[in-house]
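Chain residues, written in single-letter form:
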Amino acid sequence: AFIHSTGICELSKIAGSFSHEPGPATNPEAVYFSALPGGNRNTNGSFNNLGTNGNWWSSTENSSTNAWNRNMNHNNGNVNRNNNNKTNGFSLRCVRDLKCKGIFQSACRLGCDFAPQAAAPNKNSFNMQLDLFDIPAKESRNNLLTDLFSAYYLARKNKRNTINQLRFELDHEHHLLDLYDEIVQRRYRPKKGICFMVHKPVKREIFAADFRDRVIHHLIYNYIAPLFEKSFINDSYSCRKGKSTHYAIKRMDHFIRSCSDNYSTDCYILKLDIKGYFMSMDRKLLFETVKSRLFKHKNTLDFDLPMVMYLLEQIIFNDPVSNCFVKGKRSDWQGLPNSKSLFHAPPGKGLPIGNLTSQLFGNVYLNVFDHYIKRELGIRYYGRYVDDFVLIHHDKHFLMGLIPEIADFLSGQLQLQLHPGKIYLQHYSKGLPYLGSVIKPHRVYVARRIKGNLYQAIEKHNAIARDHKPTADEQAAFISSMNSYLGIMKHYKTYKMRKGLVFKNLSAWWWNIIRAAGYKLVLRRRLLATQNFGLFANQ
């Protein structure tokens, strides 16, 4: 059952607090809300008051050991203000600071259901209550604030130790409420990001968005990705659940087997690449593509379409070049083609590599091309990972004839160009270099680049061991680095390669503190003597 309370919310003289006094049901400034009586956990670990009493922590301390909380009981409509020891287990609620605008501007926005005066709420009375708090009805009905919290928890995965995330997390409730207000009032604008270069696996220019903008990216993705997912072909692999690089490689291997009738007849592989894909995407064309799809299904959407369109416009048309901090030196950009840098992109072109939304938009932008290949050209064996796509057919001359047709479609429909230096057309027996692997008949090898990177990583950590005794952090970094490469290589025929690289090149000092467990390396002190040595088991 819910605890129901009715009253007038007034600003208290004590900063950061409010009082709750009963008011007549006819008072237009009355606050109506409900809350679940979750009880509490005591300092000794026992639980009580479940179903009859509710306690919610505030963000205000009373002392170093105590903090203020709000309390409600099932048998009255009062909201009490108490202070208790922080070791108590109370519920959490998210509130916005009360600011004087007339009598008040807002109140509890999460963990409470604002209800109208009547027992059976109607649309008009519900909207009246929302107007009272300056909360637009549609956003509230669609749980925007709840969705922002969900997006935040997704955005912080694997980012818990970054400075940007930690700064946001220190007061994340306040930051998320600010984002809520900016979205509702249409004041949201992306903040400055960070631009830097990465050199592995290949040289790329990365724009890392501010953490608050990452939350917005996840919010947008959660809203629109399921709708676009239905329109994608099965063999569009990037940034899709269950469609990893390993899945793409397995599909290509399957296509070659099928087209060649299990390697008994001829078939040919055509691999093509788009020149500077992310830097060449037309933002206006992308926006219209997304808009068209969303408006086509506007009657079935479960989110506020105008709000999402507003956010999409802010993200797609944001120019990160004019709104970023550059991390690094000018020399870091030497050797990077202009077609791979946003700093050299034509006006109205290009999306930043590094944003979740850019990965989704990469699939959206080429979705029409995927259907063109499958439906109009009739290519059965086709797959695409971002801008790297493969066509497999038994007729070599047929594939050769498709190259100008594909180039014309990309140029005319999407304003993109094929990369003239990355056209690969070979018999299947020559192998297919694809996504860090080489697919050959009956086997899949890891690419030389990954082998070289593993060797460099071993040499780097050997140099550390020769210079000084590695610290705990350096040991953890070593384990993480080695296992990342071994984890990739276990998917391919790499028994001799793993055995040779690790046993022949890894310093003896590291073998003093590590042992093999399955396909991983672990520190000896964390292993039992009975654990097996399966790292180099033949496949």
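Our subject in this report is the structure included herewith. (Residues numbered from 1 in each chain as written. Predicted model: local features only at pLDDT ≥ 70, side-chain atom pairs only at ≥ 80, totals over all residues. Heavy atoms only, no water.)

Digging into the overall build of the protein
Applicable threshold: Only DSSP runs of H or I covering at least 4 residues are called helices, and only runs of E covering at least 2 are called strands; the numbering of each starts at the N terminus. For every residue, the accessible area (1.4 Å probe, protein chains only) is compared with the maximum for its type, and the residue is labelled buried under 20%, exposed over 50%, or partly exposed between those bounds. Residue contacts are counted whenever heavy atoms from the two residues lie within 4.5 Å of one another.
Scanning the protein from N- to C-terminus turns up 17 helices and 22 strands. By the burial criterion, 47% of the 539 residues in the protein qualify as buried. Considering only intrachain contacts with a sequence separation of at least 6, the fraction spanning at least 24 residues in the protein is 64%.

Considerations on the packing of helix α3 (residues 144-155) against helix α6 (residues 211-229)
Here is the rule: The angle between two axes is taken between their N-to-C directions and runs from 0 to 180 degrees, where each axis is a line fitted to C-alpha atoms and a helix contributes only its stretch in contact. An angle below 35 degrees is treated as roughly parallel, one above 145 as roughly antiparallel, one from 65 to 115 as roughly perpendicular, and anything else as oblique. Helix crossings fall into two classes, left-handed where the near helix is turned counterclockwise from the far one by less than a right angle and right-handed where it is turned clockwise.
At a minimum axis separation of 8 Å, α3 and α6 run at an interaxial angle of 115°. In terms of axis orientation, α3 runs roughly perpendicular to α6. α3 and α6 meet at a crossing whose hand is right-handed. Seen from α3, the contacting residues are L144, D147, L148, A151, Y152, L154 and A155; seen from α6, they are F211, R214, V215, I216, H218, L219, N222 and Y223.

A short note on the pattern of salt bridges
Counted only if it meets this: One side-chain nitrogen of Lys or Arg within 4 Å of one carboxyl oxygen of Asp or Glu is enough to make a salt bridge.
Here the structure, examined in full by the defined rule, presents 11 salt bridges. Between R156 and E169 there is a salt bridge, and its shortest N-O distance comes to 3.3 Å. Of this pair, R156 sits in the loop between α3 and α4 (163-169) while E169 sits in helix α4, and the two are 13 residues apart along the sequence. The partner of R384 in a salt bridge is D370, and the shortest N-O contact between them spans 2.8 Å. Placement of the pair is R384 in strand β15 (residues 381-385) and D370 in helix α12 (residues 367-376), with a sequence separation of 14 residues. For the pair formed by R384 and D370, the shared burial category is buried. Connected via shared salt-bridge partners are R156, R160 and E169.

Thoughts on the environment of K86
Spelled out, the test is: What qualifies as a polar contact is a pair of N or O atoms within 3.5 Å, subject to a donor-acceptor requirement within protein and to the restriction that residues adjacent in sequence count only when both atoms come from side chains.
Within the fold, K86 resides in the loop between β8 (80-85) and β9 (91-92). Placed 21 residues apart in sequence, K86 and T65 show a C-alpha to C-alpha distance of 6.0 Å. Excluding residues that lie within four positions of it along the chain, K86 makes contacts with W57, E61, S63, S64, T65, N66 and A67. One polar contact links K86 to E61, side chain to side chain, over a distance of 2.3 Å.

Focus: the side chain of N73
In this structure, N73 sits in strand β7 (residues 66-73). A distance of 2.5 Å separates a polar atom in the side chain of N73 from a polar atom in the side chain of N53. Among the polar contacts made by the side chain of N73, one reaches the side chain of N71 at a distance of 3.2 Å.

Structural measurements only, silent on function.
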